Amino acid sequence: MKNKSSYLFIFFTLILVSCNNTPNIQDSMLDSGKVSYAIPDSLHKHLVSEYMSNPTPSQLDTPVIIAAHGYTATTFEWDELRDFANSKRLFYVSQVLLGGHGRSYADFKAANWQDWQSSIKDEYIKLSNLGFKNIYLAGSSTGAPLILNLIKTGFFNDYTIPKGIFLVDPIIVSSNKTLTLVGLLGPVLGYTTVELSQGEQGRWYVYRPQETLKQLMELINLTRSNLEKGIKLPTGTYMKVYKSQIDEVADPISAVLIYKGMKTSAGGFIDVEMVKSKLHVFTRLRGREGVTVDDINLQQKTFLDMQARMNP
Amino acid sequence: MCFVHLDAQDSNSDELGVGLRFQKTEQLYWENGVGIDYTSSFLLKKHIHLKMSYFTSGLGSAMFENALLQDNFVVGFDWRFRPQKNLNFFVGLNTGFFNVDLINATFNSLPQNSMLFSAETGFFYKFKFPLATSLSVGYNFINGNGIDRPGTLFPVYYQLSVFYYIK
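Residues numbered from 1 in each chain as written. Chains lettered and ligands numbered in written order. Predicted model: local features only at pLDDT ≥ 70, side-chain atom pairs only at ≥ 80, totals over all residues. Heavy atoms only, no water.

*Asks:* How should the overall build of chain A be read in this particular structure?
*Replies:* Looking only at helices and strands, one finds 12 helices and 10 strands in chain A. Relative to the 2.2 N^0.38 estimate, which gives 20 Å for 312 residues, the radius of gyration of chain A is 20 Å and therefore close to what a compact globule would have. Principal axes of the C-alpha set define a box for chain A whose edges measure 80 × 40 × 40 Å. Looking at chain A residue by residue over its 312 residues, the buried ones come to 56%. (Helix = DSSP H or I, 4+ residues; strand = E, 2+ residues; numbered from the N terminus. Rg over C-alpha atoms; globule rule 2.2 N^0.38 Å. Buried < 20%, exposed > 50% of the residue type's maximum accessible area, 1.4 Å probe, protein only.)

*Asks:* Is there a simple way to think about the interface of chain B and chain A in this case?
*Replies:* A common way to express how large an interface is: the accessible area buried when the components associate. Tallying the contact residues gives 28 residues for chain B and 27 residues for chain A. Both sides of the chain B and chain A interface together cover about 2400 Å² of buried area, and 66% of this is carbon and sulfur. At the surface where chain B touches chain A, the tally comes to zero salt bridges. Counting across the chain B and chain A interface gives 10 residue pairs in polar contact (both at pLDDT 80 or more). When its residues are assigned to classes, the side of chain B that touches chain A shows 15 nonpolar, 11 polar and two charged. (Contact = heavy atoms within 4.5 Å. Buried area = accessible area lost by both parts, 1.4 Å probe. Salt bridge = Lys/Arg side-chain N within 4 Å of Asp/Glu carboxyl O. Polar contact = N/O pair within 3.5 Å; in protein donor to acceptor, adjacent residues only side chain to side chain. Nonpolar A, V, L, I, M, F, W, Y, C, P; charged D, E, K, R; others polar.)

*Asks:* When you look at a nonpolar patch on the surface in this model, what are you seeing that I'm missing?
*Replies:* Residue and element names in this part refer to chain B. Judged by side-chain polarity, L44, W79, F81, L87, F89, V91, F123, Y125, F127 and F129 come together as a nonpolar surface patch covering roughly 910 Å² of accessible area. Secondary structure elements with two or more residues in the nonpolar patch: β6 (87–100) and β7 (113–126). Looking at the nonpolar patch, the element that brings in the most residues is β6, giving three residues. Topologically, F81 is positioned in the loop between β5 (70–80) and β6. (Patch = residues over 30% accessible without salt bridge, like charges linked within 9 Å, V, L, I, M, F, W, Y side chains within 5 Å. Areas by Shrake-Rupley, 256 points an atom, 1.4 Å probe, with all protein chains shown as cover.)

*Asks:* What is the right way to read the packing of aromatic side chains from this model?
*Replies:* To describe a pair of aromatic rings, one takes the distance between the centres and the angle between the planes. Taken as a whole and assessed by the stated rule, the structure comprises 24 aromatic pairs over all chains. Ring geometry for A:F155 versus A:Y159: centroids 5.2 Å apart, planes at 40°, classification tilted. The exposure class assigned to A:Y159 is partly exposed, which follows from its relative accessible area of 25%. Ring geometry for A:Y259 against B:F107: centres 5.5 Å apart, planes inclined by 70°, an arrangement best described as edge-to-face. Placement of the pair is A:Y259 in helix α11 (residues 253–261) and B:F107 in the loop between β6 and β7, with the two residues belonging to separate chains. The class of A:Y259 is buried, set by a relative accessible area of 9%. Taken together, the ring pairs in this structure connect A:Y71, A:F108, A:W116 and A:Y205 into an aromatic cluster. Positioned over the ring face of B:F90 is B:R80, at 5.6 Å from the centre of the ring. The ring of B:F124 has B:R80 sitting right over it, with the charged end atom 3.8 Å from the ring centre. (Phe/Tyr/Trp six-rings, centres within 6.5 Å; stacked < 30°, edge-to-face > 60°. Lys NZ or Arg CZ within 6 Å of the ring centre and 35° of its normal.)

*Asks:* Help me understand the environment of A:D27 in this model?
*Replies:* Within the secondary structure, A:D27 is located in the loop between α1 (3–18) and α2 (40–46). Those residues in contact with A:D27, other than ones at most four positions away along the chain, are A:S32 and A:K34.

*Asks:* Looking at this structure, I do not really get the side chain of A:N226. What am I missing?
*Replies:* Tracing the backbone through its elements, the reader meets A:N226 in helix α10 (residues 210–229). The contact partners of A:N226, leaving out residues within four places of it in the chain, are A:N149, A:K152 and A:I231.

*Asks:* What is the right way to look at the pairing of strand β3 (residues 30–39) of chain B in this model?
*Replies:* Successive side chains on a regular strand alternate, one facing one side of the sheet and the next facing the other. Residue and element names in this part refer to chain B. Bridging between strand β2 (residues 15–25) and β3 involves two bridges; their strand directions are antiparallel. Among the inter-strand pairings, E15 is bridged to a residue of β3, identified as T39. The loop that links β2 with its antiparallel partner β3 comprises four residues; one of these, Q27, has a positive phi angle of about 65°. In this sheet, strand β4 (residues 48–56) lies alongside β3 in antiparallel orientation, the contact comprising seven bridges. Bridging across to β4, D37 finds its partner in K51. (Pairing = 2+ DSSP bridges.)

*Asks:* Looking at this structure, how should I read the nonpolar core?
*Replies:* The nonpolar side chains of soluble globular proteins are, as a tendency, buried together. Counting residues in each nonpolar core, the largest one holds 85 residues, and the members touching the most others are A:W116, A:I120, A:I151, A:M239, A:I258, A:M262 and B:F107. Residues in contact with A:M262, not counting those within four places in the same chain, are A:L148, A:I151, A:L227, A:I231, A:L233, A:M239, A:G268 and A:I270. Core analysis: the second largest hydrophobic core is formed by 22 residues, A:F91, A:V93, A:A138 and A:M310 among them. (Core = buried A, V, L, I, M, F, W, Y, C linked by side-chain atoms within 4.5 Å.)

*Asks:* Quick question: what am I supposed to make of helix α5 (residues 79–88) of chain A here?
*Replies:* Each α-helix winds once per 3.6 residues, and so residues spaced three or four apart point in a common direction. Residues and elements named next belong to chain A. Turning to α5, its buried residues number three or more, namely D79, E80, L81, R82, F84 and A85. On the buried face of α5, the contacting elements are α2, α3 (48–51), β1 (64–68), β2 (92–96) and α12 (293–310). R89 occupies a position one or two residues after α5 and carries a positive phi of about 60°.

*Asks:* Help me understand the sheet that holds β2(A) in this model?
*Replies:* What holds strands together in a sheet is hydrogen bonding between their backbones, with the strands either parallel or antiparallel. Residues and elements named next belong to chain A. Reading across the sheet, the six strands line up as β2-β1-β3-β4-β8-β10 and stay open at both edges, with parallel pairing between neighbours. This sheet does not close on itself; its edge strands, each paired only once, are β2 and β10 (271–275). Across the sheet, the mean angle separating the axes of adjacent strands is 15° when strand polarity is ignored. As judged from the five bridges shared by β1 and β2, these two strands associate in the parallel manner. Directly across from A68, in β2, lies its bridge partner V96. The strands touched by helix α7 (residues 113–130) within the sheet are β1, β2 and β3 (135–140), with β1 carrying the most contacts at an inclination of about 170°. Contacts between α12 and the sheet are confined to β1, β3, β4 (164–168), β8 (238–244) and β10, with β8 contributing the most and set at about 175° to the helix. (Axes fitted to C-alpha atoms, helices over the stretch in contact; angles between N-to-C directions.)

Structure below.
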């Protein structure tokens, strides 16, 4: 084979290998679709609108947080807040499963960020229609820009206005700046892979199709742009951002961008707390390895702070 | 706009241009400012151009919106492949200093400064009158990582410069 032909052969082989769109999915992985979080039993267990479909007047007065997880995660990400709420009996936690998440690789690949957001909207509408008076939202990582987008588009104007919004390690800028090039590199990558600890297996997707990475980039870029133009909270809605000072997933500067772009209805600044942590979504410790006492104390302090703001 | 003196026909003379620089970072801000371009026959027969620039989001995305205010001071050099021709292809290396204003003491724990180091390539065109323009794409080898470098330091940027040659 001539040299030129050899180079061309190697080049096209590399492209074909790089464009491999069929990851090696094992049955134990969430990606397989055999450990779905989207089955009715799971949804009934996690959504307040499902397991409290005929609320009493007392229940309608109790604060309820709609908790939205991050990219590739599941409702598992907010299990510890729910356990905390169950132990304190001062608020409820409704854990929404984002569209396309917790199902299968194919479902994930086919969903766009509006699909991810749809389950937050659905649960909000149901709780508002049921008559819950004190609705809050919590968004971790990608859950945060999904909620910020709802504020920007005026979604809440047609329903009970949320009392407050808590954002934990919101992502507006990715720490890995290669994500900004996903439009160019995506088709070559096909998908990326993430290492999970034993306790995380079956609860996060292992494979990230480039189509979903593009959706993530589109969402965070839109949110950054909207923040530059300015986003105003509905009248009476409180907001607080909790952000790890070191975060290899959601760049900590995301908190600065939210602080600069968000305003209360009166034109004031929102609350931001930069916490001493190196964990991404520091409120989720279950399934992690090497959790320290400081991590546990910070998680409990944050949950108590959220509770105090809902039950002043 | 950068101002440059066009003496393309006189290979022994110095060339000094000053002008404006317009930069768009991929998935981030417009940052605009000023720049200088200098070459001389002793710089390998004008194959090498020395340059210096200052550009800021204050003259771009942060001028009318809530973008963060960030400043870049850059020095570097280009290799021009056809220094005597009006249309040139070039490659270059830059280094410098980056600073972002994080607004509030709440964010004092975050990195605000960084060294810059980038590679750039593009086209440079000299008009018959003392103006020149360049269009290039660059890659920042140092960019934000969520740990110890400013988060709004992104890798890829596109740059347009316009020079007026004063010498």
